[in-house]
Each structure stands twice: as structure tokens, then as C-alpha cells.
Amino acid sequence: MLRAGGRRLLVPGLRRFGLGAGAAGEAGPAAAVAGVRAYHERVVDHYNNPRNVGSFDKEDPNVGTGLVGAPACGDVMKLQIRVDEESGKIVDACFKTFGCGSAIASSSVATEWVKGKPMDEVLTIKNIEIAKHLSLPPVKLHCSMLAEDAIKAAVKDYEAKKAKMGQKGEDSPSEKAAEA
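Bear in mind the structure is a predicted one, so any value in this text is a computation, not a measurement.

## Remarks on the pairing of strand β4 (residues 75-83)
Side chains on a regular strand alternate between the two faces of the sheet.
Then, in step 1: Bridge count between strand β3 (residues 63-70) and β4: eight bridges; the pairing is antiparallel. Bridging from a neighbouring strand, Gly64 pairs with Ile81 of β4.
Then, in step 2: In textbook terms, the turn of a hairpin is the stretch between consecutive antiparallel strands, and for β3 and β4 this stretch comprises four residues, one of which, Gly74, has a positive phi near 90 degrees.
Then, in step 3: Taken together, the eight bridges between β4 and strand β5 (residues 90-98) define a ladder with antiparallel strand orientation. Bridge pairing in β5 places Ile81 opposite Ala93.
Then, in step 4: In sequence, β4 turns back onto β5 through a hairpin of six residues, with Gly88 there showing a positive phi of about 75 degrees.

Shown next, in the form of C-alpha cells:
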């Protein structure tokens, strides 16, 4: 129960629409509040207690960074993975997200799901799985799409770094031919 100006409110922000409860002892229009869609408890949990918030050094060769955004709603998501070179598994993940509660929750879930998995397996994580897990309404599906895109972008960034490092460490085929 929230209080604002000595009045009890059932849900934050509903007072301005005339849907909050009245003063102590008064009955508010509970029927009107019942029609308001609330976030699923998993979304609220990941929003209030996000897992793996932070960032890694993007210059680290074992870190892949995915930065994605949705211009229509203003959500921006940065998801990073740290990969063990020998096993090829993701050993750690973190995120920073600017956006709504669903975007933050989707990022948090994504970082939990990618930890300990091989690179090819995390690419099979689909936005619909995240959306179902969080019980996202259709209007918030773009948040789970961002999470899927961020995972793919982080893997792609990591693989691009590895390919670039592989080229620096080895002679190119034209250099090998010149030496022969």
C-alpha cells in the first residue's frame, strides 16, 4: 500500500486517473483497479532485483559485446559475455539496459540463461522463450526481441574479435607464398 499526500493508493500512478483508494476508511473504486494489467511476478522480481548488472572491459579479447536498441520505444540494451577460450562456454554475462521494466527483466533473464552454455547453444535462445518465461503481454514482445538480438550481437562481436586476432597472429596466405 502506498501513501501520497495522506491518501492510500492501491497502485502507483493511478491516483491521477481517479482510480486510487480514498482516505483511510473510504472504499476506492476497486473494480476499476482490477481491470489494470499488472506485470507478472517474474518481471517485477527481475526489475526489482536484476541479476548480473554491470559491464566488462570491451577490449578484453574474451568478451563479446552486443548493443541493440528499439527506436520506437527508446529501449537500449548492452549485453556482454565472457567466454572461456578452451571450452568455448560462456562463463559470465552482464548487462546494462535503459528502458522499461520488461526490457530490464528480459536482459536479466538473458544473462542468467547464457551462463555456462556453449556459444552455439545460446544462439538457439529465442525471444518467445524469454517472453513466455516472463509472461510478457504482446505490446512488450519487443523487449524479449531486444534480448535475443543482444545475445546474437554479443556472440558475433566475440567471434569477430577472435577472427581478427587469428589474422594478426598468423601469416596471411600471400605472405606464406612470398616466403616459399
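## Side note on the pattern of salt bridges
Between side chains of opposite charge, a pair can form when the charged atoms approach closely.
Then, in step 1: For the structure shown, the criterion picks out seven salt bridges.
Then, in step 2: Beyond isolated ion pairs, a larger network of salt bridges with shared partners links Asp45, Arg51 and Glu112.

## Some points on the nonpolar core
Then, in step 1: Membership of the largest hydrophobic core comes to 27 residues, with the highest contact counts inside it found for Ile81 and Val114.
Then, in step 2: If you list the elements that add at least two residues to this core, you get β3, β4, β5, α3 (101-114), α4 (119-122), α5 (127-134) and α6 (141-169).
Then, in step 3: Take this core: its biggest share by element is seven residues, from α6.
Then, in step 4: Non-local contacts of Ile81, meaning those with residues more than four positions away in its chain, are made with Phe56, Asn62, Val63, Gly64, Ile90, Asp92, Ala93, Val114, Met119, Ala154 and Val155.

## Details of the confidence of the model for the protein
Then, in step 1: For the protein, the mean per-residue pLDDT works out to 79, and 72% of the residues sit at or above 70.
Then, in step 2: Here residues 1-33 is modelled with pLDDT under 50, and outside its nearest four sequence neighbours on either side it reaches 37 contacts, counting other chains as well.
Then, in step 3: In this model, residues 169-180 is a region of pLDDT below 50 whose contacts with residues beyond four sequence positions or in other chains number two contacts.

## Examining α5
Then, in step 1: Within α5 the residues assigned to the buried category are Asn127, Ile130, Ala131 and Leu134. Down the axis of α5, the smallest arc covering the buried residues is 100 degrees, so these residues share one side.
Then, in step 2: Two residues or fewer after α5 comes Ser135, characterised by a positive phi angle close to 55 degrees.

What counts, and where the lines are drawn
Per-chain numbering applies: the sequence of each chain, read as written, is numbered from 1 onward. Reporting in this predicted model follows two pLDDT cut-offs: at least 70 for local features of residues, and 80 or more for side-chain atom pairs to be given and counted; totals over whole chains, interfaces and linings ignore these cut-offs and use all residues. Water and hydrogen atoms were dropped before computing side-chain values, which therefore reflect all heavy atoms in the structure. Paired strands are those between which DSSP finds at least two bridges. Secondary structure counts use DSSP, requiring at least four H or I residues in a row for a helix and at least two E residues in a row for a strand, with both numbered from the N terminus. When a carboxyl oxygen of Asp or Glu lies within 4 Å of a side-chain nitrogen of Lys or Arg, that pair is called a salt bridge. What we call a nonpolar core is a set of buried Ala, Val, Leu, Ile, Met, Phe, Trp, Tyr and Cys residues that are connected through their side-chain atoms within 4.5 Å. Whether a residue is buried, partly exposed or exposed follows from its accessible area with a 1.4 Å probe, protein chains only, as a fraction of its type maximum: under 20%, in between, or over 50%, in that order. Any two residues having at least one pair of non-hydrogen atoms within 4.5 Å are treated as being in contact. For every residue, the pLDDT score states the predictor's confidence, bounded by 0 at the bottom and 100 at the top. The arc in question is the one traced by the directions running from the helix axis out to the C-beta atoms.

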